[in-house]
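Analysis of the macromolecular model
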Amino acid sequence: MKNALLLFFILLISISVTAQSRLEVKGYFGASGAMANWNENLDGASSVDIENLMEVGVLFSKSISDRFSLSGGLNYSFAQIKYSPNFPPCINCLYGYSHNSDFKLLSIPIYAEYSLGKIFYAAAGPVVDFQLSEGNNFSDQSGVGYLAGIGAKLDTEKFSFSIFPNYKRHNVIPFEKEGNYKQILQEFGVQLGVGYQF
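Throughout what follows, the structure given in this document is the object of discussion. Everything numeric here is computed off the predicted structure, so don't read it as measured data. Per chain, the residues get numbers from 1 upward, laid out in the order the sequence is written. Where totals are concerned, whole chains, interfaces and linings use all residues; where local detail is concerned, this predicted model gives features only for residues with pLDDT of at least 70, and gives and counts side-chain atom pairs only at 80 or more. Processing note: side-chain calculations cover all non-hydrogen atoms of the structure and skip hydrogens and water entirely.

Right, let's get into the packing of aromatic side chains. For this analysis, a ring pair means two rings from Phe, Tyr or Trp (six-membered ring only for Trp) whose centres lie within 6.5 Å, classed as stacked if their planes differ by under 30 degrees, edge-to-face if by over 60, and tilted for the remaining angles. Within this structure, the stated rule accounts for 9 aromatic pairs. The interplanar angle of 55° and the centroid separation of 6.2 Å between the aromatic rings of tyrosine 146 and tyrosine 167 together place this pair among those described as tilted. Taken as a pair, tyrosine 146 in strand 6 (residues 143-155) and tyrosine 167 in strand 7 (residues 159-174) lie far apart in primary sequence, 21 residues in all. Three labels apply to residues, based on accessible area from a 1.4 Å probe with only protein chains included: buried if under 20% of the type maximum, exposed if over 50%, partly exposed otherwise in between. Relative accessible area serves as the criterion here: at 36%, tyrosine 146 is assigned to the partly exposed category. Given the relative accessible area of 18%, tyrosine 167 is considered buried. Here phenylalanine 159 and tyrosine 196 contribute two aromatic rings whose centre-to-centre distance is 5.3 Å and whose plane-to-plane angle is 65°, an arrangement assigned as edge-to-face. Where helices and strands are cited, they refer to DSSP runs of H or I of at least four residues and of E of at least two residues respectively, numbered from the N terminus.

A separate point is the side chain of glutamine 191. Turning to its location among the elements, glutamine 191 is positioned in strand 8 (residues 183-197). Look at glutamine 191 and you get buried, because its relative accessible area is 6%. A distance of 3.1 Å separates a polar atom in the side chain of glutamine 191 from a polar atom in the side chain of glutamate 55. By the criterion applied in these results, polar contacts are pairs of N or O atoms within 3.5 Å in which, for protein atoms, one can donate a hydrogen and the other can accept it, and in which residues neighboring in sequence qualify only through two side-chain atoms.

For our purposes a nonpolar core is just a set of buried Ala, Val, Leu, Ile, Met, Phe, Trp, Tyr and Cys residues, chained together by side-chain atoms within 4.5 Å. Among the nonpolar cores identified, the biggest contains 11 residues, and these are Ala34, Ala36, Val48, Ile50, Leu53, Ala79, Ile81, Phe103, Leu105, Phe138 and Leu185. Elements represented by at least two residues in this core include exactly strand 1 (24-38), strand 2 (47-63), strand 3 (68-84) and strand 4 (102-115). Broken down by element, the residue count for this core peaks at 3 residues, all from strand 2. Grouped together as the second largest cluster of nonpolar side chains are 8 residues, Tyr28, Ala123, Val127 and Leu147 included.

This part is about the environment of isoleucine 150. Within the secondary structure layout, isoleucine 150 lies in strand 6. Assessed through its relative accessible area of 53%, isoleucine 150 is described here as exposed. Between the C-alpha atoms of isoleucine 150 and alanine 123, which are 27 residues apart in sequence, the distance is 6.3 Å. Discounting chain neighbours no more than four positions away, the residues touching isoleucine 150 are Tyr121, Ala122, Phe164 and Pro165. The contact definition used throughout considers only heavy atoms, calling two residues in contact when any of these lie within 4.5 Å.

What follows covers the pattern of salt bridges. The working definition used for a salt bridge is a side-chain nitrogen of Lys or Arg within 4 Å of a carboxyl oxygen of Asp or Glu. For the coordinates displayed, the defined rule picks out 2 salt bridges. Its salt-bridge partner being lysine 153, residue glutamate 24 comes within 3.3 Å of it at the nearest N-O pair. Within this pair, whereas glutamate 24 is found in strand 1, its partner lysine 153 is found in strand 6, the two being separated by 129 residues in sequence. Look at lysine 153 and you get buried, because its relative accessible area is 17%. Residue lysine 168 is joined to glutamate 55 by a salt bridge in which the shortest nitrogen-to-oxygen separation is 2.5 Å. One end of the pair, lysine 168, is in strand 7; the other, glutamate 55, is in strand 2, with 113 residues separating them in the sequence. Lysine 168 gets classed as buried once you look at its relative accessible area, which sits at 5%.

By the bridge criterion, 9 bridges tie strand 4 to strand 5 (residues 120-131) in an arrangement that is antiparallel. Pairing of isoleucine 108 across the sheet is with valine 128, part of strand 5. Note: two strands are recorded as paired if DSSP finds a minimum of 2 bridges between them. The antiparallel hairpin formed by strand 4 and strand 5 contains 4 residues in its connecting segment, where glycine 117 sits at a positive phi of about 135°.

In this structure, glycine 151 sits in strand 6. The spatial distance from the C-alpha of glycine 151 to the C-alpha of leucine 116 is 9.6 Å, given a sequence separation of 35 residues. The residues contacting glycine 151, other than those within four sequence positions of it, are Ile119, Phe120, Tyr121, Ile163, Phe164 and Pro165.

Across 10 bridges, the pairing between strand 5 and strand 6 is antiparallel. In the strand pairing of strand 6, phenylalanine 120 is matched with alanine 152. When strand 6 meets strand 7, the two strands line up antiparallel, connected through 10 bridges. Bridge pairing in strand 7 links glycine 143 to proline 174.

Following this line, the structure appears as structure tokens:
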């Protein structure tokens, strides 16, 4: 199911890109402060700390009016996960658990941008996520989430330079239900990008 959806979205993006005459292609790098919290208050639940979340990606953008443009692309995020299990107090007990500390996530952001003048813009839209790593000891983040942010972009004749502080919330609508409780990955980050306009 996940692979079929991923293939569908990549195909959709590639078809929409080839059908457009004027296009901007932007590569970017980002860093985020992230947390994964339970969707309910749970006493004694295990917890994870997400450290050094970085992302790289490429976006394709098309202006549809003087103020609006549509963007879509691919984003790859990676981080380190520290896991704190919920073990009951015990003297001389040995506990073992498997844990993969390398977190990897492939995302397809699709969002609209609205120009707030010559430099600033607001952007918001859905993000389709596919968690590539397993054994991270928190809820699978594969599903549909969203992003929102306000950025600044400086355009030259062919190039653009941008900074985009943003908020992302993953796993709002999961592909597979894991039970009544789930952890939701949230990010507060910034992206630095360079674009080329055709």
